[in-house]
Amino acid sequence: MEKKDLSNNQSPSFKSGFVAITGRPNVGKSTLLNTFLGRKISIVSPKPQTTRDKISGILTTDGYQIIFEDTPGINNKKDGLSKHMQKCINAALSGGDIILLVVDAFKGLSQTEEEILDRYGKSQNFICAVNKTDVAKADKVMPLLSQLSQKTSGDIIPISALGGENIDVLLDKIISILPAGSRFYSQDIITDKNHRFLSAEIIREKILLYYQQEIPHGAGIAITQFEYSEQKQLTEIYAEIYCEKQSHKKIIIGKGGLSLKKTASSARKDIEELLGGKVFLSLWIKVKPNWKESLSSLKQLGYY
Ligand SMILES: Nc1nc2c(ncn2[C@@H]2O[C@H](COP(=O)(O)OP(=O)(O)OP(=O)(O)O)[C@@H](O)[C@H]2O)c(=O)[nH]1
Ligand SMILES: [Mg+2]
């Protein structure tokens, strides 16, 4: 993205840039983005492969603008959706002024982290955050920190994204290596995603939370209508939930439609908070066995 001059009265010492947040699935990248921003932009769940897109969270003060780019967890799957996710990761890494690798203090390093460290660990703009230190004991964290220090000359900062521990230290480090430059976005913008996209994500988050096994990972959300009704004073949202099997459709709906009702009601409440007004939400389930391979389906879901 080219730097726009939005600088009206910015000082010459103003800093701005992109921070690519990367790492394995489930290490806490989206939680960290939300903690930096002080509000929820990116959905979070205990299941891996929650994030499927590159999602920017924009933090602007009088002194700097940081565009944090949340990315999908790195995986090697080869379906159409996974290829899209891989593209998002590559775009963030290649466009990032700073690479922020998030490592799970509890799980330690895997081949994935080794590859990132080999590629970026020695560069000036690399930082490693060791997350979930609230649940990992010191006897696990200390060896991990020394292992990491062999592989990178960048700062290694233990944090808890969930508890907010050491986030100020991490933020200070980011600001210290952020390049000088003017704003990319005006001050009031906090994300590059629109309400339609964020609403679909909220519905997907409820599916990740309420359903198990392959159902959440086989689900995609297509918003078919998103309109504010002046007359009714509410936003009407019609969405389709794609699933891969007839048996999944049954489970998503649940006995007497109760599971779907719970999903819809919980998503509606969060969307109302996002939009700051009343919402009518209708969810419809569609069985699409190969949606992850179908370009037209992926486009309907907002990918590509
Ligand atoms: N205890 C603890 N849990 C955390 C912390 N940060 C994140 N989590 C939890 O870890 C799980 C995964 O968090 P996410 O933020 O969705 O992880 P992610 O890296 O974005 O995952 P993907 O999008 O799947 O790549 C959630 O249950 C979070 O609540 C932390 O600092 N401490
Ligand atoms: Mg995520």
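Keep in mind that this is a model prediction, so the values were computed, not measured.

Asker: Help me get a handle on the overall build of the protein chain, residues and values and all.
Answerer: Within the protein chain, the regular secondary structure consists of 10 helices and 9 strands. Relative to a compact globule of 304 residues, whose C-alpha radius of gyration would be 19 Å, the protein chain shows 20 Å and is just as compact. Seen along its three principal axes, the alpha-carbon backbone of the protein chain occupies a region of about 55 × 50 × 35 Å. Taken over 304 residues, the protein chain has a buried fraction of 53%. Residue pairs in contact within the protein chain that sit at least 24 positions apart in sequence constitute 71% of those at least 6 positions apart. Here the protein chain displays about 14600 Å² of accessible surface, and carbon together with sulfur accounts for 51% of that area. One way to put it: in the protein chain the 41 positive side-chain charges average out to a point 7 Å from where the 33 negative ones average out.

Asker: With reference to specific residues and values, describe the sheet that holds strand S6 (residues 155–158).
Answerer: The strand order S2-S3-S1-S4-S5-S6 describes an open sheet built from 6 strands, whose pairing is mixed. Strand pairing shows two members of the sheet lacking a second neighbour, strand S2 (55–60) and S6, which therefore form its edges. Pairs of neighbouring strands in the sheet enclose a mean axial angle of 25°, with direction left out of account. Pairing analysis gives 6 bridges linking S2 to strand S3 (residues 64–70), with the strands arranged antiparallel. In the sheet register, Ile55 faces S3, and the bridge partner there is Asp70. Together, strand S1 (15–22), strand S4 (98–104) and strand S5 (126–131) form the strand contacts of helix H3 (residues 111–120), whose direction differs from that of S4 by roughly 155°.

Reading the values: rules and limits
- Residues numbered from 1 in each chain as written.
- Chains lettered and ligands numbered in written order.
- Predicted model: local features only at pLDDT ≥ 70, side-chain atom pairs only at ≥ 80, totals over all residues.
- Heavy atoms only, no water.
- Helix = DSSP H or I, 4+ residues; strand = E, 2+ residues; numbered from the N terminus.
- Rg over C-alpha atoms; globule rule 2.2 N^0.38 Å.
- Buried < 20%, exposed > 50% of the residue type's maximum accessible area, 1.4 Å probe, protein only.
- Contact = heavy atoms within 4.5 Å.
- Areas by Shrake-Rupley, 256 points an atom, 1.4 Å probe, with all protein chains shown as cover.
- Lys, Arg positive; Asp, Glu negative; His and termini not counted.
- Charge placed at Lys NZ, Arg CZ, Asp CG, Glu CD.
- Pairing = 2+ DSSP bridges.
- Axes fitted to C-alpha atoms, helices over the stretch in contact; angles between N-to-C directions.

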